[in-house]
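# Commentary on secondary and tertiary structure
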Amino acid sequence: MKDIERVRNIGIIAHVDHGKTTTSDTLLAAAGIISPKVAGEALALDYLSVEQQRGITVKAANVSLYHEVDGKGYVINLIDTPGHVDFSGRVTRSLRVLDGSIVVVDAVEGVMTQTETVLRQSLEERVRPILFINKIDRLVKELKLGPQEMMQKLLDIIKSVNDLIDMYAEPEFKDKWMVNPTQGTVVFGSAKDKWGFTLPIAQKKGINMKNVIDAYTSSDKNKINELASQVPIHEALLDAVIKFVPNPRDAQKYRIPKIWKGDMDNDLVKSMLNADPNGPIVMMINDMKVDPHAGLVATGRVFSGTLRSGEEVWLVNAKSPQKILQVSIYMGQLRELADEIPAGNIAAVLGLDKARAGETLVDINFKNLQGSFESLHYVSEPVVTIA
Ligand code: GDP
């Protein structure tokens, strides 16, 4: 958490039914195996049994996954984005705390209207997209395509996505952010059957689309499981995220000028540009949830400074001071108390009951500053005057 170069903040976005939920569940299940190493086995199991006993599912605003690449460990914060596109700005609000997005596209349906909407929003927030073409099994089982036709279908999807990136990304990101299978920014797979690969992974492991077709046309159902253990989907997705999504510090350099609304020439903005843990506190809250045990939990991203309990902060939209009672980070689906949470991380905070989702929280010394991540829009009522 202190080594910001090893943190990634991401979300999953998709047209409805293309597999956003299945993909995040699959990642979470994999992290459930991995996280005991980090969080302690007993803790993870206790939590599960408590949840099962009560028969409730606590839908976390954020889960953090642990993944290693080349012997180095990384923390990947997977932030919940709303399941459907609405007009209240909630998708944009969650995108604002991310630096990368996994865009899930159904291999049969291809790019649909909501794919375009969410990809466009991602690019407008300067959140780098990675493409996951899901439900490849359907190309074999339902469309009965051969290797050549399958390749053509997948290339068509990649082209449609790149056409959108070409249309909506700003010039300085366009070329760099176009997805490219050879480079490894496109994952092919099935979230349901838990396998997936990028072309570099496929080459390394000696796998190709013919193996996929064989697995789904074979009478031996084990072939699909073998594929999942050979090329697990979480590995392909998380490898790509670590490699291609920038760390929070690199991302904030170009994201802050785009997402901060207001005064730019002050110490607070300078500190955000460097994700400086020693600067003044700035945090954006993207989610407020009631926890049955803890009460109101604010989840958001620390863009500057270091959060500590007991600190008094200023809520920009609520125009009110408030005291931070407790800060925690996410470990898998659990919240773990932390002494301090430095810039670049996702934090859960207790004590901010005057805040609403979208709130900007700043160091109390900056209460007169003009600026926030999202300002409130007041709809003015028509005034009726009777003469
Ligand atoms: P969301 O609306 O984007 O969250 O989509 P879901 O994850 O709920 O998935 C929608 C439907 O597609 C569900 O019935 C899933 O079981 C199914 N689905 C998800 N992944 C796959 C896949 O890889 N292959 C197939 N055939 N179906 C899938």
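Cut-off values and rules
- Residues numbered from 1 in each chain as written.
- Predicted model: local features only at pLDDT ≥ 70, side-chain atom pairs only at ≥ 80, totals over all residues.
- Heavy atoms only, no water.
- Helix = DSSP H or I, 4+ residues; strand = E, 2+ residues; numbered from the N terminus.
- Contact = heavy atoms within 4.5 Å.
- Pairing = 2+ DSSP bridges.
- Phe/Tyr/Trp six-rings, centres within 6.5 Å; stacked < 30°, edge-to-face > 60°.
- Salt bridge = Lys/Arg side-chain N within 4 Å of Asp/Glu carboxyl O.
- Near = heavy atom within 4 Å.
- Polar contact = N/O pair within 3.5 Å; in protein donor to acceptor, adjacent residues only side chain to side chain.
- Areas by Shrake-Rupley, 256 points an atom, 1.4 Å probe, with all protein chains shown as cover.

Relative to the helices and strands, isoleucine 242 resides in helix H11 (residues 233–244). Put simply, isoleucine 242 and aspartate 339 are 97 residues apart on the chain and 26 Å apart in space, counted from C-alpha to C-alpha. Residues within four places of isoleucine 242 in sequence aside, it is in contact with Arg8, His67, Val69, Tyr74 and Ile76.

For the rest of this paragraph, the subject is the pairing of strand S15 (residues 334–337). Sheet topology note: the strand S14 (residues 326–331)/S15 ladder contains four bridges and is antiparallel. If you follow isoleucine 329 over to S15, its bridge partner there is glutamate 336. Counting the residues that bridge the hairpin from S14 to S15 gives two residues, and of these glycine 332 lies at a positive phi of roughly 60 degrees.

With that settled, consider the packing of aromatic side chains. Per the stated rule, a full pass over the model turns up eight aromatic pairs. Among the aromatic side chains, those forming a connected cluster through ring pairs are Phe188, Trp195, Phe197 and Tyr216.

The next thing to look at is the pattern of salt bridges. Scanning all chains against the criterion turns up 20 salt bridges. When the shortest N-O distance is used, the salt bridge between aspartate 163 and lysine 159 registers 3.0 Å. Separated by four residues within a single helix, aspartate 163 and lysine 159 lie in helix H6 (residues 147–168), roughly one turn from each other. Connected through shared salt-bridge partners, Asp106, Lys135, Arg138 and Glu142 make up one network.

Residues in contact with the ligand amount to 15 residues; listed here are only the nearest, Asp17, Thr21, Thr22, Asp137 and Ser190. Within the backbone of aspartate 17, one N or O atom sits 2.8 Å away from an oxygen atom of the ligand. A distance of 2.7 Å is found between a nitrogen atom of the ligand and a side-chain nitrogen or oxygen belonging to aspartate 137. When the ligand is considered free in solution it has 580 Å² of accessible area, and contact with the protein chains removes 74% of it. Going through the elements one at a time, helix H1 (20–39) and helix H5 (136–141) are the ones with two or more residues in the shell around the ligand.

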